[in-house]
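What the coordinates show
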Amino acid sequence: YTGASGQLEGFDVYIARRVARDFPGNPKIELVELDSAERIKALRRNKVDILIANLTRTEDRAKIVDFAAPYMKVQIGVVSPRRDPVTATNQLVGKKLIVPKGPRAQQYFSANHSNVDLLECDNYNEAFAALMRGDGVALADDNPSLLGWVKNNPMYIVGIRSLGEVEFVAPAVRKRQV
């Protein structure tokens, strides 16, 4: 996410900088902000060299990119204002839930809770801004992202910490040509 300073921040940014520090010569890295739908396309088109961007390892993705060992496990979480916390999915019935387009939260709620009205945002920054404006009662995303975000936004709480299957996040690189 983009922090108050205008710079990219978060756990994946920390991991990217840590990985770069271990390369010979300690190379300077350029962080590129990409929407979820653009990540793999950018990698395959040589616009980025490595994806360290909350990318879950799936069988379909493993057919088109190579994954390193995972560095985090994730599930879906739900963040809402502390003054009106959402602590169960039944509290979302008939209400607007903010989700970034493409990630697992959108797919999970579409498949398992069709009675929840989804407000789809193009990216994470737009989704968190929509939550802060009150465009929806809550926001669903991967739980580590939410837990990190609420540390800097104490007026919000992660009332639902885990929904759906456990998945694993791993860096990805272009598929090796054999």
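Each chain has its residues counted from 1, following the order in which its sequence is written. Since the coordinates come from a predicted model, pLDDT governs what is reported: local features require at least 70, and pairs of side-chain atoms require 80 or more to be given and counted, while whole-chain, interface and lining totals use all residues. Water and hydrogen atoms play no part in the side-chain values, which are based on all heavy atoms of the structure.

1. Quick word on the overall build of the protein
Counting from the N terminus, the helices are DSSP H or I runs at least four residues long and the strands are E runs at least two residues long. A tally of regular secondary structure across the protein gives six helices and seven strands. Along the protein, helices and strands appear, N-terminal first, in the series α-α-α-β-β-β-α-β-α-β-α-β-β. This radius of gyration counts C-alpha atoms alone. The globule rule is 2.2 Å times how many residues there are, raised to the power 0.38. Taken over C-alpha atoms, the radius of gyration comes to 17 Å for the protein, in line with the 16 Å a tight globule of 178 residues would show. Overall, the protein is about 50 × 35 × 25 Å in size when its C-alpha atoms are taken along their principal axes. Counting the 178 residues in the protein, one finds 39% classified as buried. Excluding contacts between residues fewer than 6 apart, the proportion of contacts in the protein whose partners are at least 24 apart in sequence is 64%. Total accessible area on the protein is roughly 10500 Å²; 49% of this is exposed by carbon and sulfur atoms. Put simply, the protein has 25 plus and 21 minus side-chain charges, and the middle of one group is 3 Å from the middle of the other. With a 1.4 Å probe rolled over the protein chains alone, any residue whose accessible area is under 20% of its type maximum counts as buried; one over 50% counts as exposed, and the rest are partly exposed. Residue contacts are counted whenever heavy atoms from the two residues lie within 4.5 Å of one another. Residue-level accessible areas treat just the shown protein chains as cover; the underlying method is Shrake-Rupley with a 1.4 Å probe. Charge counting treats Lys and Arg as positive and Asp and Glu as negative, with His and both chain ends excluded. One atom stands in for each charge, and that atom is NZ of Lys, CZ of Arg, CG of Asp or CD of Glu.

2. Description of the pattern of salt bridges
Close approach of charged atoms lets side chains of opposite charge pair. Salt bridge, as used here, is a side-chain nitrogen of Lys or Arg placed within 4 Å of a carboxyl oxygen of Asp or Glu. All told, the structure shown has 11 salt bridges when counted by the stated rule. Between K175 and D66 there is a salt bridge, with the nearest N and O atoms lying 3.1 Å from each other. With K175 in the segment after β7 (172–174) and D66 in strand β1 (residues 65–67), this residue pair connects regions lying 109 residues apart in the sequence. On the basis of relative accessible area, K175 is assigned to the partly exposed category, the value being 32%. Of the charged contacts in the structure, one is a salt bridge between D66 and R176, with a shortest N-O distance of 3.2 Å. Of the two residues, D66 is situated in strand β1 and R176 in the segment after β7; the sequence distance between them amounts to 110 residues. Via salt bridges that share partners, D66, K175 and R176 belong to a single interconnected network.

3. Re a nonpolar patch on the surface
Distance thresholds for patches are 9 Å for like charges and 5 Å for nonpolar side chains (Val, Leu, Ile, Met, Phe, Trp, Tyr), applied to residues having over 30% relative accessible area and no salt bridge. Together, V19, F23, I50 and V173 give the surface a local cluster of nonpolar side chains, amounting to about 300 Å² of exposed area. Tracing the chain through its elements places F23 in the loop between α1 (11–22) and α2 (39–44).

4. Describing unusual backbone geometry
Its identity as a non-glycine residue notwithstanding, N46 has a phi of 65°, on the positive side. Counting through the fold element by element, N46 comes out in the loop between α2 and α3 (59–62). Positive phi is not limited to glycine here, since N54 has a value of about 50°. When you line up the elements, N54 lands in the loop between α2 and α3.

5. A short note on the packing of aromatic side chains
Stacked, edge-to-face and tilted are the three classes for Phe, Tyr and Trp ring pairs, Trp counted by its six-membered ring, which pair at centre distances within 6.5 Å; planes under 30 degrees apart are stacked, over 60 edge-to-face, the rest tilted. The final tally for this structure, using the stated rule, is five aromatic pairs. With centroids separated by 5.1 Å and ring planes inclined at 55°, the aromatic side chains of W149 and Y156 adopt a geometry described as tilted. Considered together, W149 and Y156 belong to a single accessibility category, that of buried residues. Through pairs of rings, three or more aromatic residues link up here, namely F11, Y14 and Y71.

6. Concerning the sheet that holds strand β4 (residues 117–121)
Spatially, the five strands line up as an open sheet ordered β4-β3-β5-β2-β6, and their pairing is mixed. Every interior strand has two partners, whereas the edge strands, β4 and β6 (156–169), have only one. If you compare each strand with its neighbour and ignore which way they point, the axes differ by 25° on average. Here, a strand pair is defined by DSSP locating no fewer than two bridges between the strands. Across two bridges, the pairing between strand β3 (residues 96–100) and strand β5 (residues 138–142) is parallel. Looking at β5, one finds that I98 is bridged to L139. Strand contacts of helix α6 (residues 143–152): β2 (72–81), β5 and β6, with the helix running at about 50° to β2, the strand carrying the most contacts. Here, axes are lines fitted to C-alpha atoms. For helices the fit covers the stretch in contact, and angles between N-to-C directions go from 0 to 180 degrees.

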